[in-house]
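# Structure at a glance
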Amino acid sequence: MSTDTDRTPDHSSNTTEVSGVEIVFDEVVKTYPGLQYPAVDRLSITIPAGEIVMFVGPSGCGKTTSLKMINRLLEPTSGTITIDGVDIRKRDDDDLRRHIGFVIQGGSLFPHMTVAQNIAMVPKLLKWDKSRTADRVEELLDLVGLDPGRFRDRFPRELSGGEQQRVGVARGLAADPPVILMDEPFGAVDPITRQRLQDELLTIQEALRKTIVCVTHDIDEAIKLGDRILITEASAKVAQYDTPANILSSPANDFVRDFVGAGSALKTLSLSRVDEVQLYHQSSARVGESLAEVTRRARDHGDRSVILLDRNDRPLDWVWLSDLEGDQIREPRHDRDMLTVSHLATLNDALNSMLVSIHDGVVVTGGNDKYVGVAGFTEVTQLITRKATEAHERETADIARAPSDEELDEQIDEVPDAGSGDDDGDDDDRQRPEGE
Amino acid sequence: MWQFVVDRWADISYRSFQHVSLVVQSVLLATVIAVSVALLVTSYAKLKPVANFITSVGLTLPSLALLGLLLPLVGIGTLPAVIVVTFYATLPILRNAVVGLESVSPNLLESARGMGMGQLRTFADVRLPLAWPVIVAGLRVSTQMSMGVAAIAAYALGPGLGGYIFTGLAQIGGANAVNYALVATIGIVILALLLDLGLLVIERLTTSKGIRI
Ligand SMILES: Nc1ncnc2c1ncn2[C@@H]1O[C@H](COP(=O)(O)OP(=O)(O)O)[C@@H](O)[C@H]1O
Ligand SMILES: [Mg+2]
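Residues numbered from 1 in each chain as written. Chains lettered and ligands numbered in written order. Predicted model: local features only at pLDDT ≥ 70, side-chain atom pairs only at ≥ 80, totals over all residues. Heavy atoms only, no water.

### Looking at the nonpolar core
Judged by nonpolar contacts, the single largest core of 46 residues is most densely connected at Val84, Ile93, Met147 and Tyr164 of chain B. Breaking this core down by element, the ones donating at least two residues are helix 1 (2-7), helix 2 (9-43), helix 4 (63-74), helix 5 (78-102), helix 7 (119-153) and helix 9 (177-206) of chain B. The dominant element in this core, judged by the number of residues it contributes, is helix 5 of chain B, at eleven residues. With 45 residues, the next largest nonpolar core counts Ala170, Ile219, Val260 and Leu271 of chain A among its residues. (Core = buried A, V, L, I, M, F, W, Y, C linked by side-chain atoms within 4.5 Å. Buried < 20%, exposed > 50% of the residue type's maximum accessible area, 1.4 Å probe, protein only. Helix = DSSP H or I, 4+ residues; strand = E, 2+ residues; numbered from the N terminus.)

Here it is, written out as structure tokens:
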């Protein structure tokens, strides 16, 4: 489908080397004693190396069961799973698990161990030496955006939910496994934190390119994070396994259509990333700089406010020039985190963040959480409008266009739907005002 | 009574030492037994009712009766004392160890397994440290109780302050009868308090700061 190109510069076009490996499910069945129907019924899919594949579906459809068979927390009743071409039954189960990251809801940290000890667990099992492990812990804390000096020796109960989840992700990545399994990793945190954690995962993945299998019941999360989405019905029966763009533009059947839900045109906005927005380079000021200098620079640039940055160019605050005092730029007094979005965040995320900001824009960060610019309200809404118009035009064009024979074969199931004008007519009515 | 204490100071302190030594060693042995049994019980669900039965019935068994039953089997002296004290000391620790080990969240255990931690390591690094505060609470109850049980063990001519109590009882109406009983009782109470203080310190030192209440 033409919508394929919609996706932001895809991971596959990245220069980073893929460190993940392929996972293949072949006719995998799992039955539980006492459950009349199989929890997983002949699941056959290929999870490509270096991609994020999201498992979504209604509760109880077998997502967790499928996931846990990958690291042999559960054994299939029949069928085979291979990782990088090797049947997982041929590997020692503990050894296999030490080479697969496992992240579950809430982080599930060991409460009696410090953050560092939690992260160091798998390296310890793999008998890494102390200094290598310690270096790795520092590196990982940095990667997930936690200051090692502040967090290394804390206990889980001294962390917020979001921080615990970050440590959980760091622990999953500790021994640099090619495969990471995640079971509803961000289900237990508030929406703003969830959005940040998702952004961070995307940023991390951009650099590492692991194979990540992530279970969620949230279709929006799946659209945002997934290179591919597996939508399953009961017993893990595949309803559709495709890219987010294709699932949104051409759902395979009514189940998928229902599951994706209303407003799929709006959902395509989740496919557009903040880095498509024309960013404004709001003046910035580093802690320690002279106030006079900063003021002059900002005025020259025509700004009345500046973005405060720390030594690593990470944004700390967005302040009015008139509120700055003293000779030098000082650290903000408050300790709360600044609301920012990553350049990989969706347009929806950016819009949400703006709604709680006092400025009419949101600060955008790039790799290592460095400041890159400001996405203005006008620019974001204009892009949203343009995307909506495009999506709408494409839909009408698709309906009008006479499909070729080949496509007709492919879409044979959908033809009656596409033809029954009533539904689509309603859709058109609803969408037209947005486009105009 | 002061004169009584001064006259027999050497004997009293020796008996006090024996008493504490008997209790400490029996409680240590009991801890090892209780934690091992608890590990078994929590690994095999079928064994749990058995453990519950033993702890509840065991605690209702009069210690004097158990001692009487043991005498024909193992004779008199230190051995029956150790057996009886260890038996009673095991029960509260076992009960707490089972509760403590069972209260470790299944999510954490799954995490541990998912990270490739073996059974033994999961026990040593996760289950035991997490159950530890509950186990130590059992240990403290057990130690207090054992101080009293050890006194009764003197009936079988075991070591410790209990001997004084029985001497006092045997001489009721005699010149020093009350002194014997009183000195032993007060001595046991003081020693029990000291031991408890010691355990409190150990509890602080061996419980992770992350789970301290
Ligand atoms: N240990 C188990 N014993 C019996 N049935 C189970 C067990 N675990 C899961 N199930 C059942 O298997 C089905 C799939 O469960 P699960 O994989 O956890 O679903 P999901 O993660 O998609 O919500 C559900 O009907 C669930 O009740
Ligand atoms: Mg689940």
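### What about the interface of chain B and chain A?
In this complex, chain B contributes 21 residues to the contact, which on the side of chain A involves 23 residues. The contact between chain B and chain A buries some 2000 Å² in all, and 59% of this surface belongs to carbon and sulfur atoms. Interface area lost by chain B to chain A is led by Glu110, Arg113 and Met115 of chain B, which between them contribute 30%. Applying the counting criterion to the chain B and chain A interface returns two salt bridges. One salt bridge in this structure joins Glu110 of chain B and Lys68 of chain A, with 2.9 Å as the shortest N-O distance. (Contact = heavy atoms within 4.5 Å. Buried area = accessible area lost by both parts, 1.4 Å probe. Salt bridge = Lys/Arg side-chain N within 4 Å of Asp/Glu carboxyl O.)

### A few points about the pattern of salt bridges
Oppositely charged side chains can form a pair if their charged atoms are brought close together. The final tally for this structure, using the stated rule, is 25 salt bridges over all chains. Between Asp313 of chain A and Arg286 of chain A there is a salt bridge, with its nearest N and O atoms 2.8 Å apart. Of this pair, Asp313 of chain A sits in the loop between strand 12 (305-309) and strand 13 (315-320) while Arg286 of chain A is found in strand 11 (residues 284-286), placing the two residues 27 residues apart along the sequence. When the shortest N-O distance is used, the salt bridge between Arg140 of chain B and Asp196 of chain B registers 3.0 Å. Taken together, the residues span a long stretch of sequence, with Arg140 of chain B in helix 7 and Asp196 of chain B in helix 9 at a distance of 56 residues. Linked by salt bridges that have partners in common, Asp93, Asp94 and Arg97 of chain A make up one network.

### Quick notes on the domain arrangement of chain A
As a measure of interface size, the accessible area lost when the parts come together is often cited. Residue and element names in this part refer to chain A. When its domains are assigned, chain A resolves into domain 1 (23-262) and domain 2 (263-414). A C-alpha centroid distance of 28 Å is found between domain 1 and domain 2. In total, about 1800 Å² of surface goes out of reach between domain 1 and domain 2, with carbon and sulfur atoms giving 51% of it. Taken together, domain 1 and domain 2 are joined by one salt bridge. (Domains from an automatic or database assignment.)

### Details of the confidence of the model for chain B
Scored by pLDDT, chain B comes out at a mean of 89, with 100% of its residues at no less than 70. At the level of chain-chain contacts, confidence expressed as ipTM amounts to 0.86, with global pTM at 0.79. (pLDDT = per-residue confidence, 0-100.)

### Regarding the sheet that holds strand 11 of chain A
Two orientations exist for strands paired in a sheet by backbone hydrogen bonds: parallel and antiparallel. Residues and elements named next belong to chain A. With mixed pairing, the three strands of this open sheet are ordered in space as 11-12-13. The open sheet terminates on both sides in strands that have one partner only, identified here as strand 11 and strand 13. For this sheet the average axis-to-axis angle between neighbouring strands, irrespective of direction, equals 30 degrees. As judged from the three bridges shared by strand 11 and strand 12, these two strands associate in the parallel manner. Paired with Ser284 across the bridge in strand 12 is Ile307. (Pairing = 2+ DSSP bridges. Axes fitted to C-alpha atoms, helices over the stretch in contact; angles between N-to-C directions.)

### Here we look at the pairing of strand 1 (residues 23-30) of chain A
All names here are of chain A. Inspection of the sheet shows strand 1 paired to strand 4 (residues 78-83) by five bridges, in the antiparallel sense. Paired with Asp26 across the strands is Thr80, a residue of strand 4. Note: strand 1 against strand 2 (residues 40-47), five bridges, orientation antiparallel. What sits directly across from Phe25, in strand 2, is Ile45.

### Structural notes on the site of ligand 1
Residue and element names in this part refer to chain A. Surrounding ligand 1, one finds Tyr32, Leu35, Tyr37, Ala39, Ser59, Gly60, Cys61, Gly62, Lys63, Thr64 and Thr65. Between ligand 1 and Cys61, the relevant distance is 3.2 Å, taken from an oxygen atom to a main-chain nitrogen or oxygen of the residue. Gly62 is positioned such that a nitrogen or oxygen atom in its backbone is 3.0 Å from an oxygen atom of ligand 1. Burial of ligand 1 by the protein amounts to 63% of the accessible area it has alone, namely 560 Å². (Near = heavy atom within 4 Å. Polar contact = N/O pair within 3.5 Å; in protein donor to acceptor, adjacent residues only side chain to side chain. Areas by Shrake-Rupley, 256 points an atom, 1.4 Å probe, with all protein chains shown as cover.)

### A word on the confidence of the model for chain A
Residue and element names in this part refer to chain A. For chain A, the mean per-residue pLDDT works out to 84, and 85% of the residues sit at or above 70. Model confidence for chain A, summarised as mean pLDDT per element, is weakest for helix 18 (residues 421-435) at 39 and strongest for helix 3 (residues 115-119) at 97. Counting interchain partners and residues more than four positions distant, the pLDDT-below-50 stretch residues 1-14 has 33 contacts. Predicted confidence is poor over residues 407-436, with pLDDT under 50, and the contacts of this stretch with residues over four places away or in other chains come to 20 contacts.

### So, a nonpolar patch on the surface
Residues Leu40, Tyr44, Leu47, Val50, Phe53, Ile54 and Val57 of chain B make up a contiguous nonpolar surface patch of about 650 Å² in total accessible area. With respect to the helices and strands, the residue Phe53 of chain B is situated in helix 3 (residues 48-60). (Patch = residues over 30% accessible without salt bridge, like charges linked within 9 Å, V, L, I, M, F, W, Y side chains within 5 Å.)

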